Amino acid sequence: MATLNSHYLKLKAGYLFPEIARRVNAYAEANPGAPIIRLGIGDVTEPLPAACRQAMIQAVNDMGERASFKGYGPEQGYTWLREVIAHQDFQSRGCEVNADEIFVSDGSKCDTGNILDIFGDDNTIAVTDPVYPVYVDTNVMAGHTGPANERGEYEGLVYLPITAENGFTAELPSQKVDLIYLCFPNNPTGATATREHLQAWVDYARTHGSVIFFDAAYEAFITDPSLPHSIFEIPGSRECAIEFRSFSKNAGFTGTRCAFTVVPKSLIAKAADGSQVPVWSLWNRRQSTKFNGVSYIIQRGAEAVYSPAGRAEVQALVAFYLENARLIREELTAAGLAVYGGVNAPYVWVKTPHGLSSWDFFDKLLHTCHVVGTPGSGFGAAGEGYFRVSAFNSRENVIEAMARIRSQFSPV
Ligand code: MLT
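The notes below deal with the structure included here. These numbers come from a predicted model, not from an experiment. (Residues numbered from 1 in each chain as written. Predicted model: local features only at pLDDT ≥ 70, side-chain atom pairs only at ≥ 80, totals over all residues. Heavy atoms only, no water.)

1. As for the sheet that holds strand β5 (residues 179–183)
The strands making up a sheet associate through backbone hydrogen bonding, with each pair oriented either parallel or antiparallel.
Part 1: A sheet is described by the order of its strands in space; here seven strands give the open sequence β2-β8-β7-β6-β5-β3-β4, paired in mixed fashion. This sheet does not close on itself; its edge strands, each paired only once, are β2 (102–105) and β4 (157–161). For this sheet, the mean angle separating the axes of adjacent strands, direction not counted, is 20°.
Part 2: Alignment of strand β6 (residues 211–215) against strand β7 (residues 241–246), held across four bridges, turns out to be parallel. When the bridges of β7 are listed, Phe213 appears paired with Ile242.
Part 3: Strands β2, β7 and β8 (259–262) of the sheet are contacted by helix α3 (residues 79–90), whose axis makes an angle of about 115° with β2. (Pairing = 2+ DSSP bridges. Helix = DSSP H or I, 4+ residues; strand = E, 2+ residues; numbered from the N terminus. Axes fitted to C-alpha atoms, helices over the stretch in contact; angles between N-to-C directions. Contact = heavy atoms within 4.5 Å.)

Below is the structure:
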């Protein structure tokens, strides 16, 4: 009989968001007509920018003419998209990132998992706690951990707690780690990283020969001009970092699928024989073997994000969700809850009241307010006692959800 990758059997229950959907669907079936408002998964609700749609329609028409028809595209993405990204997202902010260091893909979630293909199995891996669960689960799948303990922590991973006590900053590990996942603005806490904070990480990584996986999927939500949008704004980062970006949350591409990963050509890692190899060459090899690129139509839509009209529409979308986040913060604070994040991020991180566990608070909100959020413990042991509220929804739903919560909770 064929055997399985037994590392998958170490994974806890289902992946967090499908697990929440399963529980919500069970509740909805048992309570038909319950007016459920979903502020759980960070999935966008507002329509795609018109500039992107028009570009995609034009691209569909291109596909209808022999002269402009496209078959397989470059696995790394079309040059015109890579160039506009390099220019507008990086060079215009003073970052030295070239078009050929940008790899267009169908999602940051996929890329943060796939990147493990090109790194060794003997690396020590650090994640923050709480953390976007994909970083942990993909390492479990790759066999980089032992089993989970009763708190859900996997043997072999280095967890860096981010809590209210340390201002939700990931402190440098006391031991040497080889791969470090950082996400700023942070999912799930909504916290941000200052230039000094990222510089400390870059210095740490360069001292120890570590690689930082920097997930910047939420960079568009940064409103504070002093905060860096990219790790490549930090001196020395080209020698130690890979950055993941996405069109999902800024331009509403969660269903459309387009993202990119920046791998600097100056990033070097060690082969088993001790030789030093550019990480770029392995990622390029991996992508050209296992990936056939994002469709021409979608890449044309992504390119339109950088047009004057697209930029204005994306800014308006981001401002819309940030206003939702502001309302959530204001209303939950008025309800007597302690809230964090939600200023430079679309997520509000809430301390559960009355010592309730994260899942107990999830059930209470679902049953009494018909509002869905995400239990903090689903993001890691240190998320226990917290709860994430997503600002991705219509204004009407956010206002209604907050009114229901206000009616259940009063300031203590
Ligand atoms: C989240 O809710 O954390 C995000 O939707 C996850 C993702 O983007 O994959």
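2. Here we look at the pairing of β2
Part 1: Here β2 shows no split at all, with Ile102 and Val104 on one side and Phe103 and Ser105 on the other all buried.
Part 2: Where β2 meets β8, four bridges bridge the pair, whose relative direction is antiparallel. Note on β8: the bridge partner recorded for Ile102 is Val262. (Buried < 20%, exposed > 50% of the residue type's maximum accessible area, 1.4 Å probe, protein only.)

3. Remarks on the packing of helix α9 (residues 308–334) against helix α11 (residues 395–408)
Part 1: Closest axis-to-axis distance for the α9/α11 pair is 10 Å, and the angle between their directions is 10°. Relative to α11, the element α9 lies roughly parallel. Residues Phe320, Glu323, Asn324, Leu327, Ile328, Glu331, Leu332 and Ala334 of α9 form the contact with α11, whose own contacting residues are Arg395, Val398, Ile399, Met402, Ile405 and Arg406.
Part 2: Counted by class, the contact of α9 with α11 contains nine nonpolar, one polar and four charged residues. (Parallel < 35°, antiparallel > 145°, perpendicular 65-115°, else oblique. Nonpolar A, V, L, I, M, F, W, Y, C, P; charged D, E, K, R; others polar.)

4. Details of the packing of α3 against helix α8 (residues 296–303)
When two helices pack together, their arrangement is given by the angle between the helix axes and the distance between those axes.
Part 1: Contact geometry for α3 and α8: axes closest at 10 Å, N-to-C directions at 25°. Here α8 runs roughly parallel to α3, going by the angle between their axes. As α3 runs across α8, the sense of the crossing is left-handed. Residues Trp80, Leu81 and Val84 of α3 form the contact with α8, whose own contacting residues are Tyr296, Gln299, Arg300, Ala302 and Glu303.
Part 2: For the contact of α3 with α8, the per-class residue count stands at five nonpolar, one polar and two charged. (Left-handed = near helix turned anticlockwise from the far one by under 90°.)

5. Focus on the site of the ligand
Part 1: Taken together, Phe17, Ile41, Gly42, Tyr132, Asn187, Tyr218, Lys249, Tyr347 and Arg388 make up all the residues around the ligand.
Part 2: At 2.8 Å, a side-chain N or O of Asn187 approaches an oxygen atom of the ligand.
Part 3: Within the side chain of Lys249, an N or O atom sits 2.8 Å from an oxygen atom of the ligand.
Part 4: If the ligand stood free it would expose 260 Å²; the protein chains cover 85% of that surface.
Part 5: Looking at the shell around the ligand residue by residue, the classes come out as five nonpolar, two polar and two charged.
Part 6: Inspection of the shell around the ligand shows a minimum of three residues originating in each of domain 1 (6–46 + 309–409) and domain 2 (52–307). (Near = heavy atom within 4 Å. Polar contact = N/O pair within 3.5 Å; in protein donor to acceptor, adjacent residues only side chain to side chain. Areas by Shrake-Rupley, 256 points an atom, 1.4 Å probe, with all protein chains shown as cover. Domains from an automatic or database assignment.)

6. A word on unusual backbone geometry
Part 1: Following Asp129, the chain continues into Pro130 via a peptide bond in cis, with omega recorded as 5°.
Part 2: If you trace the backbone, Pro130 turns up in the loop between β3 (125–129) and α5 (133–141).
Part 3: Cis geometry is adopted by the peptide bond preceding Pro188, which originates at Asn187 and carries an omega value of 20°.
Part 4: Within the secondary structure layout, Pro188 lies in the loop between β5 and α6 (195–208).
Part 5: With a phi close to 60°, Phe168 is a non-glycine residue in the positive phi region.
Part 6: By the element assignment, Phe168 lies in the loop between β4 and β5.

7. Overview of the environment of Pro353
Part 1: Among the structural elements, Pro353 can be located in the loop between β12 (347–351) and α10 (358–369).
Part 2: Between the C-alpha atoms of Pro353 and Glu233, which are 120 residues apart in sequence, the distance is 39 Å.
Part 3: Sequence-distant contacts of Pro353, that is, excluding residues within four places in its chain, are made with Leu337, Phe361 and Phe409.

8. Thoughts on the sheet that holds β12
Part 1: Across the sheet, four strands lie side by side as β11-β12-β15-β14; this open sheet has antiparallel pairing. Two strands bound the open sheet, and with one partner strand each, they are β11 (339–341) and β14 (374–375).
Part 2: Here β11 pairs with β12 via three bridges, running antiparallel. Paired with Gly341 across the bridge in β12 is Val348.
Part 3: Packing of α9 onto the sheet brings it into contact with β11, β12 and β15 (386–390), and relative to β11 it is tilted by some 160°.

9. Brief notes about the nonpolar core
Part 1: Counting 61 residues, the largest nonpolar core has Ile85, Phe90, Ile102, Leu182, Ile212, Phe247 and Phe253 as its most contacted members.
Part 2: Split by domain, the residues of this core number at least three in each of domain 1 (6–46 + 309–409) and domain 2 (52–307).
Part 3: Core analysis: the second largest hydrophobic core is formed by 39 residues, Phe168, Phe361, Cys369 and Ala401 among them. (Core = buried A, V, L, I, M, F, W, Y, C linked by side-chain atoms within 4.5 Å.)

All quantities given are derived from atomic positions and should not be read as evidence of function.
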